[in-house]
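Observations on the model geometry
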Amino acid sequence: MNVNGRHYRTIWIEPSTEVLTIVDQAVLPHRFQTRELFSVEDVARAIRDMHVRGAGLIGATAAYGMWVAARAAARADPGGFRAQMRAAADTLRATRPTASNLAWALERMERALNGQSGPGAVAAARREAEAIADEDAEFCRRIGRHGLGLIEALARDRGGRPVHILTHCNAGWLAFVDYGSALAPVYAAHDAGIAVHVWVDETRPRNQGAALTAWELGRHGVPHDLVADNAGGHLMQHGMVDMVITGADRVTRRGDAANKIGTYLKALAARDNQVPFYVALPSSTLDFSLRDGVAEIPIEERDPAEVRMVDGETGDGRLERVRICPDSTPARNWAFDVTPGRLITGLITERGLCPATEEGVLSLYPEARV
Ligand code: MRU
């Protein structure tokens, strides 16, 4: 995405310093800042505290984290090198449990290292992390192309009147290395001259919709309105939503999709109002080892402080955190829920569209048949 006239990915190795660098999402939309990550602990903290977030970007960050670990361990003997890399992978794996991209990226890094150590392993780690980042961006670009056809069809049905798309959380450029998943078709349609308008769910408790999706869409010039999380059902009942597109953090082989908490309620409202509900994801988000998403996908429970407090900018430009409930009120904070495949109209992947069923998923990914 272009910011202040420069094209940025969300993560990169800065050529002049060779330092791993990210767009710091913890201060958006109020500040556009980058942040340097020097150690595996820095990388783990960035993931855990959501300076980077979103399934694809979490995976790419973990991959680059293994390169950071390899550089730090380069002078160790082969046994020491491997022990340090195992410890780094364990630290990174423990940061966030729901997005399958994290474990997927770490496994890919392990395969690429293939027991090597020393400078050869550092070079291999860098090559593989860059390959994962490039693939993430390219797969999202393809998701945009495949989803564009759906929006074009709706635009034709509507005789050129704007297509109204509701999205929940942030599955845009900021959730990946570039382009995004749910927002990639929106950007592709907008760039193709199709009139689109996005209803942006604010996405409590971390407000990724208000802070990140609204910011991205604004920068790209896509018309949008921020709505309270609970507005979606009302909008659908009144014919104000033509389709829903969300991202996903983990999708099982039969198409059950974990996404930001509140997604399931949007899917129920969409089904009740015959609004098509699509989930966009790259294959790195598919977990072929699971079938029943509700029973099997691990759901992250985060610090209750995120529910009890809200971050924002004061009138005089200070970033502040304020409490919105009585001081003594306890809270619980589940970060994701699971939408069963039966409520999903279709999956949009880098290989095309498919029904959210085991047959549908395997028709696009036959290599996962066992
Ligand atoms: O907690 P986050 O911000 O890392 O949550 C991930 C998300 O942004 C959403 O669930 C998103 O729709 C899927 S990530 C591509």
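Our subject is the structure that appears above.
Below is a summary of the structure that appears in this document. (Residues numbered from 1 in each chain as written. Predicted model: local features only at pLDDT ≥ 70, side-chain atom pairs only at ≥ 80, totals over all residues. Heavy atoms only, no water.)

Right, let's talk about the overall build of the protein chain for a bit. Secondary structure summary: the protein chain contains 12 helices and 18 strands in total. Here the C-alpha atoms of the protein chain give a radius of gyration of 20 Å, agreeing with the 21 Å that 2.2 N^0.38 yields for 370 residues. For the C-alpha atoms alone, the extent of the protein chain along its principal axes is close to 65 × 55 × 45 Å. Sorting the 370 residues of the protein chain into buried and exposed places 55% on the buried side. Of the charged side chains in the protein chain, 42 are positive and 47 negative, and the gap between their average positions amounts to 2 Å. (Helix = DSSP H or I, 4+ residues; strand = E, 2+ residues; numbered from the N terminus. Rg over C-alpha atoms; globule rule 2.2 N^0.38 Å. Buried < 20%, exposed > 50% of the residue type's maximum accessible area, 1.4 Å probe, protein only. Lys, Arg positive; Asp, Glu negative; His and termini not counted. Charge placed at Lys NZ, Arg CZ, Asp CG, Glu CD.)

Turning our eyes to something else, we now look at the site of the ligand. The ligand sits among 17 residues. The nearest are Arg53, Arg96, Asp249, Asn259 and Lys260. Here Asn170 contributes a backbone N or O atom positioned 2.9 Å from an oxygen atom of the ligand. Within the side chain of Asn259, one N or O atom sits 2.6 Å away from an oxygen atom of the ligand. Expressed as a share of its isolated accessible area of 400 Å², the protein-covered part of the ligand is 100%. (Near = heavy atom within 4 Å. Polar contact = N/O pair within 3.5 Å; in protein donor to acceptor, adjacent residues only side chain to side chain. Areas by Shrake-Rupley, 256 points an atom, 1.4 Å probe, with all protein chains shown as cover.)

Bringing the nonpolar core into the picture now. Grouped together as the largest cluster of nonpolar side chains are 41 residues, with contacts concentrated most on Ile11, Leu20, Met66 and Leu92. Contributions of two or more residues to this core are made by β3 (11–14), β4 (19–23), α1 (40–48), α2 (55–73), α3 (78–93), α4 (100–113) and α5 (118–157). Examining the composition of this core, we find that 12 residues originate from one element, α2, more than from any other. Every residue in contact with Met66, bar those within four places of it in the chain, is listed here: Met85, Ala88, Ala89, Leu92, Leu106, Met109 and Ala125. (Core = buried A, V, L, I, M, F, W, Y, C linked by side-chain atoms within 4.5 Å. Contact = heavy atoms within 4.5 Å.)

Mapped onto the fold, Arg250 is located in strand β10 (residues 250–252). Looking at Arg250, its side chain comes within polar contact range of the main-chain oxygen of Pro97, at 3.0 Å.

For the coordinates displayed, the defined rule picks out 29 salt bridges. A salt bridge links Glu313 to Arg31; its shortest N-O distance comes to 3.0 Å. Of this pair, Glu313 sits in strand β14 (residues 309–313) while Arg31 sits in the loop between β4 and β5 (34–37), and the two are 282 residues apart along the sequence. Assessed through its relative accessible area of 26%, Arg31 is described here as partly exposed. (Salt bridge = Lys/Arg side-chain N within 4 Å of Asp/Glu carboxyl O.)

This part takes up the side chain of Thr98. Summarising the element assignment, Thr98 is placed in the loop between α3 and α4. The class for Thr98 is buried, based on a relative accessible area of 0%. Within the structure, Thr98 has its side chain in polar contact with the backbone oxygen of Pro298 (distance 2.7 Å). Every residue in contact with Thr98, bar those within four places of it in the chain, is listed here: Asp249, Arg250, Ala258, Ile297, Pro298, Ile299, Glu300 and Phe336.

The next thing to look at is the packing of aromatic side chains. By the definition in use, this model includes five aromatic pairs. On the basis of an interplanar angle of 25 degrees and a centroid distance of 6.1 Å, the ring pair of Trp173 and Trp215 is categorised as stacked. Of this pair, Trp173 sits in the loop between β6 (163–167) and α6 (183–191) while Trp215 sits in helix α7 (residues 208–220), and the two are 42 residues apart along the sequence. The class for Trp173 is buried, based on a relative accessible area of 1%. (Phe/Tyr/Trp six-rings, centres within 6.5 Å; stacked < 30°, edge-to-face > 60°.)

This part is about the sheet that holds strand β11 (residues 257–260). Taking strand neighbours across the sheet as the criterion, the four strands line up as β13-β10-β11-β16 in an open arrangement whose pairing is mixed. Of all the strands in the sheet, just β13 (286–287) and β16 (336–339) have a single pairing partner and so form its edges. Sheet topology places β11 next to β16; four bridges connect them, and they run antiparallel. Residue pairing for β16: Asn259 is matched across the bridge by Asp337. Sheet contacts for helix α9 (residues 263–272): β11 and β16; angle to β16, the most-contacted strand, approximately 30 degrees. (Pairing = 2+ DSSP bridges. Axes fitted to C-alpha atoms, helices over the stretch in contact; angles between N-to-C directions.)

When you line up the elements, Val163 lands in strand β6. A relative accessible area of 0% places Val163 in the buried class. Those residues within four positions of Val163 in sequence are excluded, and the remaining contacts are Ile151, Leu154, Ala155, Arg158, Ala195, Val196, His197 and Asp242.

Moving on, we come to the sheet that holds β6. One open sheet holds the seven strands; their spatial order is β8-β7-β6-β9-β12-β17-β18, and the pairing between them is mixed. Every interior strand has two partners, whereas the edge strands, β8 (224–227) and β18 (352–354), have only one. Neighbouring strand axes in the sheet, compared pairwise and without regard to direction, differ in orientation by 25 degrees on average. Taken together, the two bridges between β6 and strand β9 (residues 243–246) define a ladder with parallel strand orientation.

Packed helix pairs are characterised by how far apart their axes lie and by the angle those axes make with each other. Two elements in contact, α2 and α3, have axes separated by 9 Å at closest approach and are oriented at 150 degrees. By the angle between their axes, α2 is roughly antiparallel relative to α3. In this structure, the crossing between α2 and α3 has a hand that is right-handed. Along the contact surface, α2 presents Ala62, Gly65, Met66, Ala69, Ala70, Ala72 and Ala73, while α3 presents Phe81, Gln84, Met85, Ala88, Ala89 and Leu92. Residues of the contact of α2 with α3, tallied by class, amount to 11 nonpolar, two polar and no charged. (Parallel < 35°, antiparallel > 145°, perpendicular 65-115°, else oblique. Left-handed = near helix turned anticlockwise from the far one by under 90°. Nonpolar A, V, L, I, M, F, W, Y, C, P; charged D, E, K, R; others polar.)

Pairing of β10 with β11 involves two bridges; the strand directions are antiparallel. Within β11, the residue paired with Val251 across the bridge is Ala257. Counting the residues that bridge the hairpin from β10 to β11 gives four residues, and of these Gly255 lies at a positive phi of roughly 95 degrees.

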